[in-house]
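If you want the building blocks of each chain, they are given just below.
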Amino acid sequence: MERSLNPVKAGGIETFETEVLIIGGGVTGTGVMRDLALRGIHCLLIDRRDLNAGASGGNHGLLHSGGRYASSDSETAAECRQEGEILKRVAPDCIDDCGGLFVAVEGDDPGFAERFPGYCDAAGIDCESLSPAEAREREPVLSDKLFAAYSIPDATVDPFRITLENVNHAQQLTDSLFLPHTGVEGFEIEDGAITGVLCRNTKTGGMRRILARQVVNAAGAWAMDVARRAGCSDVRLLYSKGTLIISNTRVTDRVINRLRPPGDGDILVPGGTVSLLGTTSDNVDDLEDIRPTVAEVERVLVEGTAMMPCLETTRFIRAFSGVRPLLLAQNGADGRSASRGFTLFDHQDQGLENFATVTGGKLTTFRLMAEKTGDLVAGRLGNSQPCKTATEPLPSGNAVRWTEPGFAPRFWYRRNDPTDMILCECEMVPQSAVDSIIESAPGAEAEMSLQAIGVRSRVGKGSCQGAFCSIRVTSHLYDRGVYDSEQGLNSMRDFLSGRFKGVQPVLWGEQMPQIELSEALHCSLMGLDQLGGKADEPEKGGTDR
Amino acid sequence: MSLKKGVPTADMGRDERHYSTELAVIGSGLAGFAASVFALSRGITCAQVGNTGAVAYTTGYFDLLGYCQDQWLDDPWRGLELLRESEPHHPLSRIDRKEIRAAFDQFTVALTEMGVGYTAPADRNHFALTPAGTVKPTLSVPETMLSGIEARKVNARTLVIDILGLQGFSAKEFVANMRSSWPQLSAAKLSFPDMESGGQVFPEVMARALEVSSNRERFAERIKAVLGDAQLVGMPAIMGVHHPDRVHAELQRLVGVPLFEIPTMPPAVPGIRLREMFEQAFPAKGLTLVPQQKVKRLELEAGRVMLYLRDSFGEMVIESKTAILATGRFLSGGLKAERVGVREALMGIPVIQPGSRADWYRQDYFDPLGHPVNRSGVEVDSRFRPLGPDGEPVSDRLFAAGILLAHQDWVRQRCGAGVAIASAYKAVEAAARLLQEQ
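As a starting point, this report considers the structure included with it.

About the thresholds
Residues numbered from 1 in each chain as written. Chains lettered and ligands numbered in written order. Predicted model: local features only at pLDDT ≥ 70, side-chain atom pairs only at ≥ 80, totals over all residues. Heavy atoms only, no water. Pairing = 2+ DSSP bridges. Helix = DSSP H or I, 4+ residues; strand = E, 2+ residues; numbered from the N terminus. Contact = heavy atoms within 4.5 Å. Buried area = accessible area lost by both parts, 1.4 Å probe. Salt bridge = Lys/Arg side-chain N within 4 Å of Asp/Glu carboxyl O. Nonpolar A, V, L, I, M, F, W, Y, C, P; charged D, E, K, R; others polar. Buried < 20%, exposed > 50% of the residue type's maximum accessible area, 1.4 Å probe, protein only. Right-handed = clockwise from strand over helix to strand, strands pointing away. Axes fitted to C-alpha atoms, helices over the stretch in contact; angles between N-to-C directions.

With respect to the sheet that holds strand β5 (residues 95-96) of chain A
Residue and element names in this part refer to chain A.
Here comes step 1: Within the open sheet, the three strands sit side by side as β4-β9-β5. Their pairing is antiparallel. This sheet does not close on itself; its edge strands, each paired only once, are β4 (62-63) and β5.
Here comes step 2: Across two bridges, β5 lies against strand β9 (residues 155-157) in antiparallel orientation. Along β9, the bridge assignment pairs D96 with T156.

Given below as C-alpha cells:
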C-alpha cells in the first residue's frame, strides 16, 4: 500500500494517504492506532483539538477493579477486572497499583455493605473485609463514623501517559502519524464506501483531504456527530457530564470509594502527588462549553467530606469536567444507570463497508475496545495478524514521560545539571523536558504551543496553575525561535483562559492570593487582557486535568 | 535589625515592649508607605507595621488610571471625569483631582529625595514598556525606565538585551511583540559577569552586583561588544537596588549610549528598591518601623487604638491615637476568602462583596469587565473611615487606604498606585484633622 507521510498539496488542499484513518485522539483512538500498528498497519490519527481533549483527559484516572459496578452491572465489573489485570501486566509504567477501599459511614445503608462481598464474588473480584480500625490504620484520614470497609484491587492509570505512549509506539512500528487540530468536515462516499474524508485545520483554517481504506470513528462523546456526518443514524449517545476536583497534595495512599450505590462525590483517587475527588453525573444536551461549576464543586465536597473530614480544609487547586459518552439503551436511562459497556458499530446495515464506530466504555476497558475494533478493521483489510496488545508490553518513550506527577523532579535531581533550568517550579519541569517535547513528542510535527506542551507534561498543573510557568515557558519558546510573532502571547492567553475554566470554581482560601497575583502578572505586568490579536478556537467539550 | 525607635515607655522591665505614637499605619504595601510619607511630612509621629505586601510584585510603574469605559487612557485626568460618571463609588471618584495630583507630586518627590528617582506626574499617561513587549498606560515611572518609553515614540534604533539564565525575560519576545510599533528594535543575549555557567540567575543578585564598579565596567564591556549601531540599549531592571539612578548614570557613561530598564517578573528589583529604601529612610526620619510582622489584634479603646503583635524578641504593643488600615486585598492578607464569603482579616469589618461564591468570577479569565470579587473591600465615609455593620464609622480614629477599599479593580483599571497614594493622602489628612482637634 502506498502511503504518504508528506502531504501532497494541490489546489490549496493538503492530501494525506493512509490505510486506516482514526478520528479521535483519546485513549480509545490511540489504543486502536497502536493495536493496528502492532498488526503492521499504517494509521493516521486526527483530533479536532489535541490528544485527550475529551473524556480521556477529563476523568479521575481510576483503573477499576470492577468493585464500583459489582452491584449494578456484573458484566462490566468482570470486564473491568480482566482488563485491569492485563494493563497492570503490559503497562506497569503508566499504572500505580495502589489498591482501593470501599467504606461506609454513618447514614449509609448497612444492608448494601453486607451484600457487597457477594456482588464482588459474582464478578470474580478479590474483596477483603476490614474492621473500621484496620481501615483507619491504613488510611488515617477516614472518618471515625466509618462502620464497614473492604479492600479491593483498584489502581490508577495516567491517562495522558498511556495515550502518548500508544501514539509513540504506533509511530515507531509503522510510521503512523498523529495530526492535531484536524476536524472532520465531511465524508466523500461512493458505492457504499468512504473514499475520502475532508477535514479542516482548526488552527489555520486550511483544508485537508484524507484518503484511507478504512475509517474508524473513535470520537468519544462526539462519535454520534461524526457518524451522522457519514450518514449513519445508528449511534445514539447520552451525554453525562462529570465534575471532579484536584487537591494540592495526595490525601490518601489508596483509592477510597463510598460503599453505597454510585452517587455524587463517592470516590477519591490518588494521582501521583495529588488526589482527585469526584464525581457528579448530570445529563447535558450538547457538548459545547462544558465547564465545572461552583455548585458541582460544593456537591462533591460535601459528600467527600462525609468519608474524609479533612477535605473540609484541604487546598484544592483545580476542578474539571468531562462528558461520558453513554450508549442509549432502548428504555430511556439516566446517566448513573445507563450501561458503562461499549459498542462497536460496523455500520454494515447503514450501507457503509469501510466505516466503524467504537464508543461508550471506560478508560479501564479501552484496550478491549481497541482489540475488538482492530479485529474488525484488520479483517476488512485482509490482515490476519492477531491482536497483540494483551501480551506485548507498552514501551516507554523518552518524550512522553513528562505527564507523570513526580517524574520531572526525580529526573532533574538525578541528572543534576544546574544549566537545566526549572521552568515550572510547582511541578519542577525543567527546560530539557520542554525541549524534548518540542522535538519529538507525538504531534511535534505540527506547531508546538504552550497548550500542546501542557497536554504533554505537568506544566501549569501545580498549585500556581500556570501563573509563573506560562511566562517562563513562553519566553523560552521565543528564545528557541518556536515563536517569532505575537502568536506566543496569544497562545499564553488561550492557555491561561483554558486553565481558568478549571481554577474558577475552586477559588477560595489559599487560592485567592494566588489568583490575585496571577491577574496582576498576566494583566498588569504582561497586558494579556488587552491583546489585540485573534484568539484560537475556544476550548470546547470539557476541561482537562 | 534595630530599626525600632519609637518612644518606649517606662514599662521596660517586662518582655513586652510598648510604644506610643500619634498614627499607626498597618500594612507595608504602597498605601502604607505613602501614608507614612504623608504623615512624616506633616510632622505626625508614626509607627508602621505589617508584612511587606505586593510591593515586591510591582513593575515599578505608578498607575493612576489606565483603563476606563472600554478604552486605554491617554489622559488619566480626563479619565477621572469619566470614572466619576460611571463609577461614583470608586475611591478615585471620591477624591478631588487636585488632591490626587498633590499626593502624587508629594510622593514622587519624596521617593526621589530618598534615592529612587521617579518622574513627576504629568498631564498625560506614559505608555510604558512591559517584558512581554506590550505597553501599559501609567502616570509616573522610575527614571531608569524613562528613556525606553521616549525611544519607542520616535522609533529609535534600539538594542534590547536579555541575560543568559534569567527566566521569563526574552529580548526576542520583547522585539517580536513590539516590532509593529517599533520596527528599529533588535535583540541580543549576554551573560552576566561571574554568572556565565548557564544556570539560573536572579535580578536581585545582578542588581546588587552592579552596585560594584568593577562589575559595572565588565558588564558595560559586554554591552559594547554587541552594541553595533544602536542608539539606545534596553535591559531587564537590574541597575542596582540602592541608588539606581547613580548605577544607571555610571553604566550609561561606560557604554556611551542611553540605557533603560524594562520591568521583569516578580520578585523584581523595582519593588525591592522601594522596600529597602523605606526600611533605611524611615527610621532615620524618626518613624517606628516594624517590618514583616503582622498585627495580631487591634483593640479600640476610649481615645486610643491598641495594636498587639509579636516578633522574634517577644510581645509588642503599640498605643496610638489614630490608625490607618492599609492591609491590602487577598495577596497581602487584608481580605480572607472563605467558601461562604469574604471577610476583613484583622477586625471583621463588613466587606462589600458579591452575593455568593458563584458570582465571584466571570467565566472568561480575561473578560475586560474584570471579576466582581475583585471589587470587594471595605466601605468608607468621606473621611476614609471604614464603616461598621450599622453603616456608621467603626471608630473616629480608624481610617482605611489602598486596595482594601471596595469598588475598584486595581489590576484591570490600572489604578493600584493611584488608589494607594490618593487614599493614603486622604486618610492621613483626616487623621491629622482629628489629632489637631484634640
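Concerning the interface of chain A and chain B
Here comes step 1: At the junction of the two partners, chain A supplies 52 residues and chain B supplies 54 residues.
Here comes step 2: Of the roughly 4,700 Å² buried between chain A and chain B, counting both surfaces, carbon and sulfur atoms make up 56%.
Here comes step 3: Of all residues in chain A, E516, E519 and L525 of chain A bury the most surface against chain B, accounting for 15% of the area lost on that side.
Here comes step 4: Scanning the region where chain A abuts chain B turns up seven salt bridges.
Here comes step 5: Between R329 of chain B and E516 of chain A there is a salt bridge; the shortest N-O distance is 2.9 Å.
Here comes step 6: At the level of elements, α7 (294-307), β22 (422-424), α12 (469-479), α13 (487-503) and α14 (511-525) of chain A are the ones that each hand at least two residues to the side of chain A that touches chain B.
Here comes step 7: A per-element tally of the side of chain A that touches chain B places α14 of chain A first, with 13 residues.
Here comes step 8: Here the residues of the side of chain A that touches chain B are counted per class, giving 28 nonpolar, 12 polar and 12 charged.

Focus on the pairing of strand β7 (residues 158-163) of chain B
Walk down a regular strand and you will see the side chains alternate between the two sheet faces.
Residue and element names in this part refer to chain B.
Here comes step 1: With six of six residues buried, β7 is to be regarded as a mostly interior element.
Here comes step 2: Residues T158, V160 and D162 line one face of β7 and the alternating positions L159, I161 and I163 line the opposite face, and both faces are buried.
Here comes step 3: Examined bridge by bridge, β7 and strand β8 (residues 185-190) share six bridges and lie parallel to one another. Bridging from a neighbouring strand, D162 pairs with K189 of β8.
Here comes step 4: Viewed along the sheet, the connection from β7 through helix α5 (residues 171-178) into β8 turns out right-handed.
Here comes step 5: Sheet analysis places β7 next to strand β9 (residues 232-236), joined by three bridges and oriented parallel. Paired with T158 across the two strands is L232, which belongs to β9.

Structural notes on the pattern of salt bridges
Residue and element names in this part refer to chain A.
Here comes step 1: Throughout the structure, instances matching the rule amount to 67 salt bridges over all chains.
Here comes step 2: One salt bridge in this structure joins D266 and R68, with 3.4 Å as the shortest N-O distance. Separated by 198 residues along the polypeptide, D266 in the loop between β15 (255-258) and β16 (267-271) and R68 in the loop between β4 and α2 (74-90) bring together distant segments of the chain.
Here comes step 3: By relative accessible area, D266 is classed as buried at 5%.
Here comes step 4: Taken together, the shared-partner salt bridges in this structure form one network comprising D108, R258, R260 and E303.

Details of the side chain of S457 of chain A
All names here are of chain A.
Here comes step 1: As for its position among the elements, S457 is in the loop between α11 (450-455) and α12.
Here comes step 2: Looking at S457, the relative accessible area reads 0%, which means it is buried.
Here comes step 3: Beyond its immediate sequence surroundings of up to four residues, S457 is in contact with W402, T403 and I437.

Remarks on the sheet that holds strand β10 (residues 259-262) of chain B
Residues and elements named next belong to chain B.
Here comes step 1: If you trace the four strands from one edge of the open sheet to the other, you get β8-β7-β9-β10, paired in parallel fashion. Bordering the open sheet on either side are β8 and β10, each of which pairs with just one other strand. With direction set aside, neighbouring strand axes in the sheet form an average angle of 30°.
Here comes step 2: Across the sheet, α5 is in contact with β7, β8 and β10; its angle to β8 comes to roughly 170°.

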